[in-house]
Number of protein chains: 2
Amino acid sequence: MMVKIAIMGYGVVGSGVGEVLRVHIDSIARRAKEEIRIKYILDLRDFPDSPFADRFVKDFDIILNDPEVQIVAEVMGGLHPAFEYVKACLENGKSVVTSNKELVAAKGAELLAIAQKNNLNFLFEASVGGGIPIIRPISQCLAANDVIGIAGILNGTTNFILTKMIREQMTFEDALALAQKLGYAERNPAADIEGHDACRKICILASLAFGRHVYPGQVHTEGIENLTLADVDYAESWGGVIKLIGRVKMLESGKIQIICCPMFIDRESQLANVDDVFNGILVRGDATGDVVFYGKGAGKLPTASAVVADIIDCVKHIKARKYLFWEDGSPDYVEDYLEDVLPMYVRATAENASVALGTADALFGGVQQLSRKDAPRNELAFVTKEMKEKDIREKLEQLSRMGVKVETTVRVADL
Amino acid sequence: MMVKIAIMGYGVVGSGVGEVLRVHIDSIARRAKEEIRIKYILDLRDFPDSPFADRFVKDFDIILNDPEVQIVAEVMGGLHPAFEYVKACLENGKSVVTSNKELVAAKGAELLAIAQKNNLNFLFEASVGGGIPIIRPISQCLAANDVIGIAGILNGTTNFILTKMIREQMTFEDALALAQKLGYAERNPAADIEGHDACRKICILASLAFGRHVYPGQVHTEGIENLTLADVDYAESWGGVIKLIGRVKMLESGKIQIICCPMFIDRESQLANVDDVFNGILVRGDATGDVVFYGKGAGKLPTASAVVADIIDCVKHIKARKYLFWEDGSPDYVEDYLEDVLPMYVRATAENASVALGTADALFGGVQQLSRKDAPRNELAFVTKEMKEKDIREKLEQLSRMGVKVETTVRVADL
């Protein structure tokens, strides 16, 4: 038998999907127990030199209205028209696999409900962690656990930039320029460096692990664009590194605490050595303890191979839906991030730094002073005790009113 | 609806399976879409205080002949009678899940074939890596990859011992005694420290990744019992650590190169920081590159939760077999380990160590000398170039004939 599929979008990931399916045609047929054939590729551009040149179409309706197409791989990216296309496919009896984290983070609950109603699959292993298996392990392998929390380095671009700052003392600007030159960062890098990409991914993981949709707009998100080499040095003297972390934990109240921001990570943490463009995701289960998944979080072939693995899974389950599902969320499901309790790193300037440090020490009931080589005389840096972030912010306000200028704050992770 | 299961064996893992099923009864029912009820527990001992006291049976035939029992969890361990029981269950229409690596490594191909013939599932996520998801990720998530190789720290007991030797300069004997005291090592620790346990696990992973059964007897296996603090120090001065590694790679000939032995691991490797009782498994795929899985490789609840995840998967697929399968192996499928090409660490003694080092240098065409503090005057240590192990062994023979006593050799990994 033969299963016919369509690919929507022939960019980096889409052409990778074609390549993986073509190169591994025999082993994939063996594993899927069916031959998988690409019937259409949707793209507005022409690709006369592609091995699939005869399969390109520009009109989505050709795919939608062809009952032979059972599975559609959506790898266009962006929310529109990806959402409308995916929705239409699911309503027309086609299973969908996608690498589109923006789509899943914004519309996952809605699309999963449509898939369930129509007894179809909507799979998205490639939307988080590229080629690292993470969606399936959380939903299947850890099914006998209650997940307590998840924390991850979920964006390769920012991790590359931070690694260059940490290991080679490059400035943020130089590291970003290098990332762009190497093709790791877009010309417009906002989605990466401002944390939005990582935020979408932790939303997807949180939705999956706890069964209710979390929307990116509900998550306090900070990027890495304000970090300096001074902060990197202070993190080192504290005993760790700065990483951009997406983190969620289940609270006793039944709400979740979720955030996406740079964090100080202890050098001994399993996430501290996740460097360059690699991703690392730590899942804390009540039975398994900490399990960590590590690998390349992006790139043409890793991401494409995850999309193809989902296609294979769809083929195997062509008449049986996979039990991937979560309910819709609600505004009160996410706890205010200011209610979280943690230590905070603070870098500040003041006319008299040592007096300011003494004031901070008194205000916070003791702080851990940090030092670095060649610090300007007016600079001070410290880590507070663990306390409610709201209280930390209030005390920092007080410090400001006393003439201490707070330059940067970075949360300290308990990983 | 309700699915009735039996547990065979009520030791550490078996009682953990009962506990996980009991504590998570609601969330498991939600995920499995059915209630899961333990009908029988097979054990020769009595457990009057167990919450399942009324379910214990001593006669396997009660389970075998009860058509209500659809799934059996084998957590007795050992080859006999586990094999006979599991085989009988599969031949009588019951799916089986197991944590028994000895069983899967010795009889996997045979049992998978019986399961296939009877359209049943035989799942064994818990047999490798305890609570770390690894069987399913290799078989499903990396389905679009050709796996090139796998290397792992697969035994927590030996990793604990080596970590104590490396980090705290404990001798092997003291570290083993501590592991026994803490319950990490058995009274008779041979299966762990001689490498047999890790060997079984790499056999299972190799069988799964490459589709043909590899038997433990086909794998050259060395333990850690001959390693000394001298070797740990030399590894440090070389730039890494010694770990007990199970490793397999696919050769161009279609044969596999597989081994289980202590290895020098570069400090920068993702496996170098896998310490204490933790396991780490690196899977190299042609599309994903390196993916690493990390977590607790043993223990009551992690292992039990993996068994229960398999039970849930069986329940979901009660009428649809999972495509876990490999063919039987053959004697010529495994390449002679002496044909592998790698560098070798050598520690030796000689009347005149510096003369002996010069001889070694000439014999091997250049060696990297290693040093350590307080080395005896008659000791020498070096790392050879990369060459065929057979040739290395021949040259070491020659060295021996010249009065140089080779004390230890450790392979250098390319991880």
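Residues numbered from 1 in each chain as written. Chains lettered and ligands numbered in written order. Predicted model: local features only at pLDDT ≥ 70, side-chain atom pairs only at ≥ 80, totals over all residues. Heavy atoms only, no water.

Colleague: Describe the relation of the copies chain B and chain A, listing the residues and the values that go with them.
Modeller: With an RMSD of 0.0 Å, the fit of chain B onto chain A corresponds to turning through 180 degrees and sliding 0.0 Å along the axis. Between the two chains, the operation in question is that of a two-fold axis. The C-alpha atom lying nearest the rotation axis in chain B is that of F293 of chain B; the distance is 2.4 Å. Interface overlap between copies is the fraction of interface residues in one copy that are interface residues in the other; for chain B against chain A it reaches 100%, indicating a shared surface. (Least-squares fit on C-alpha atoms with pLDDT ≥ 70 in both. Contact = heavy atoms within 4.5 Å.)

Colleague: Could you give an account of the interface of chain B and chain A, naming the residues involved and the relevant values?
Modeller: Chain B puts 44 residues into the contact, and the matching count from chain A is 44 residues. A buried area of about 3900 Å², summed over both sides, lies between chain B and chain A, and 55% of it is on carbon and sulfur atoms. Where chain B packs against chain A, one counts 2 salt bridges. For E268 of chain B, the salt bridge is made with R167 of chain A, and the minimal N-O distance between the two is 3.5 Å. (Buried area = accessible area lost by both parts, 1.4 Å probe. Salt bridge = Lys/Arg side-chain N within 4 Å of Asp/Glu carboxyl O.)

Colleague: Any chance you could break down the sheet that holds strand β1 (residues 2-8) of chain A for me, citing the residues and the numbers?
Modeller: Within a beta sheet, neighbouring strands are joined by backbone hydrogen bonds and run either parallel or antiparallel to one another. Residues and elements named next belong to chain A. With parallel pairing, 6 strands are arranged side by side in an open sheet as β3-β2-β1-β4-β5-β6. Edge strands, defined here as strands with exactly one partner in the open sheet, are β3 (56-57) and β6 (122-123). Summarising the sheet, strand β5 (residues 95-98) and β6 pair through 2 bridges and their orientation is parallel. Bridge assignment links V96 to a residue of β6, and that residue is F122. (Pairing = 2+ DSSP bridges. Helix = DSSP H or I, 4+ residues; strand = E, 2+ residues; numbered from the N terminus.)

Colleague: Account for the packing of helix α1 (residues 12-23) of chain B against helix α12 (residues 300-316) of chain B, naming residues and giving values.
Modeller: Residues and elements named next belong to chain B. At a minimum axis distance of 8 Å, the contact between α1 and α12 shows a crossing angle of 65 degrees. Two packed elements cross with a definite hand, and for α1 against α12 that hand is right-handed. Two secondary-structure elements touch here, α1 through V12, V13, S15, G16, V17, E19, V20 and L21 and α12 through K300, L301, T303, A304, S305, V307, V308 and I311. Classifying every residue of the contact of α1 with α12 gives 10 nonpolar, 4 polar and 2 charged. (Axes fitted to C-alpha atoms, helices over the stretch in contact; angles between N-to-C directions. Left-handed = near helix turned anticlockwise from the far one by under 90°. Nonpolar A, V, L, I, M, F, W, Y, C, P; charged D, E, K, R; others polar.)

Colleague: Can you tell me about the nonpolar core, naming the residues and giving the values?
Modeller: By size, the foremost hydrophobic cluster in this structure holds 272 residues, and its most contacted members are F122, I150 and L205 of chain A together with F122 and I150 of chain B. Counting 19 residues, the second-largest nonpolar core is a separate cluster that includes A356, L357, L363 and M387 of chain B. (Core = buried A, V, L, I, M, F, W, Y, C linked by side-chain atoms within 4.5 Å. Buried < 20%, exposed > 50% of the residue type's maximum accessible area, 1.4 Å probe, protein only.)

Colleague: Lay out the pairing of strand β2 (residues 35-42) of chain A in plain terms, naming residues and giving numbers.
Modeller: By the bridge criterion, 7 bridges tie β1 of chain A to β2 of chain A in an arrangement that is parallel. If you follow K4 of chain A over to β2 of chain A, its bridge partner there is R37 of chain A.

Colleague: Could you give me a rundown of the sheet that holds strand β5 (residues 95-98) of chain B, with the residues and numbers involved?
Modeller: Residue and element names in this part refer to chain B. One open sheet holds the 6 strands; their spatial order is β3-β2-β1-β4-β5-β6, and the pairing between them is parallel. Sheet topology places β3 (56-57) and β6 (122-123) at the edges, where each strand pairs with a single neighbour. Summarising the sheet, strand β4 (residues 69-74) and β5 pair through 4 bridges and their orientation is parallel. Across the sheet, the residue bridging to I71 is S95, located in β5. On the sheet, helix α4 (residues 82-91) packs against β1 (2-8), β2 (35-42), β4, β5 and β6 and is oriented at approximately 150 degrees with respect to β5.

Colleague: Give a description of the environment of I38 of chain A that names residues and reports values.
Modeller: Residues and elements named next belong to chain A. Inspection of the secondary structure puts I38 in strand β2. Taking the C-alpha atoms as reference points, I38 and V292, 254 residues apart in sequence, are found 35 Å from one another. The contact partners of I38, leaving out residues within four places of it in the chain, are I5, I7, G18, L21, F52 and R55.

Colleague: Describe the pattern of salt bridges, listing the residues and the values that go with them.
Modeller: In total, this model carries 62 salt bridges over all chains according to the counting rule given. Residue E407 of chain B is joined to K405 of chain B by a salt bridge in which the shortest nitrogen-to-oxygen separation is 3.7 Å. It is possible to trace a salt-bridge network through shared partners that takes in K4, K39, D66 and E68 of chain A.

Colleague: Would you mind going over the side chain of D313 of chain A in detail, with residue names and values included?
Modeller: Its place among the elements puts D313 of chain A in helix α12 (residues 300-316). Owing to a relative accessible area of 3%, D313 of chain A belongs among the buried residues under this scheme. Leaving out residues up to four positions away in the same chain, D313 of chain A has contacts with L123, R136 and K322 of chain A together with Q140 of chain B.

Colleague: Could you give an account of the state of the cysteines, naming the residues involved and the relevant values?
Modeller: A disulfide bridge is the covalent bond that connects two cysteines by way of their sulfur atoms. Residues and elements named next belong to chain A. Under the counting rule described, the total for this entry stands at 0 disulfides over all chains. Here C199 stays free of any disulfide, with the sulfur of C203 as its closest cysteine sulfur at 4.2 Å. On the accessibility criterion, C199 (3% relative accessible area) is buried. Of the residues examined, C203 reaches a relative accessible area of 0% and is grouped as buried. (Disulfide = S-S within 2.5 Å.)

Colleague: Pulling in residues and values, what's your account of the packing of aromatic side chains?
Modeller: Counted by the stated rule, this structure contains 25 aromatic pairs over all chains. A ring pair is formed by F122 of chain A and F124 of chain A, whose centres lie 5.5 Å apart and whose planes are at 55 degrees; its orientation type is tilted. Judged on exposure class, the residue F122 of chain A and its partner F124 of chain A are both buried. Ring geometry for F47 of chain B against F56 of chain B: centres 5.1 Å apart, planes inclined by 25 degrees, an arrangement best described as stacked. (Phe/Tyr/Trp six-rings, centres within 6.5 Å; stacked < 30°, edge-to-face > 60°.)

Colleague: Which residues make up the confidence of the model for chain A, and what values do they have?
Modeller: Interpreting fine coordinate detail is not advised for predicted regions of low pLDDT. Here chain A averages 95 in pLDDT, while 100% of its residues score no lower than 70. The complex model carries a pTM of 0.94, and its ipTM stands at 0.91. (pLDDT = per-residue confidence, 0-100.)

Colleague: Explain the environment of E34 of chain B residue by residue, including any values.
Modeller: All names here are of chain B. Assignment of secondary structure puts E34 in the loop between α2 (25-32) and β2. Looking at E34, the relative accessible area reads 19%, which means it is buried. When the C-alpha positions of E34 and M1 are compared, they lie 5.7 Å apart, and in sequence the two are 33 residues distant. Setting aside anything within four residues of it in sequence, one finds E34 in contact with M1, M2, V3, I28, A29 and V315.

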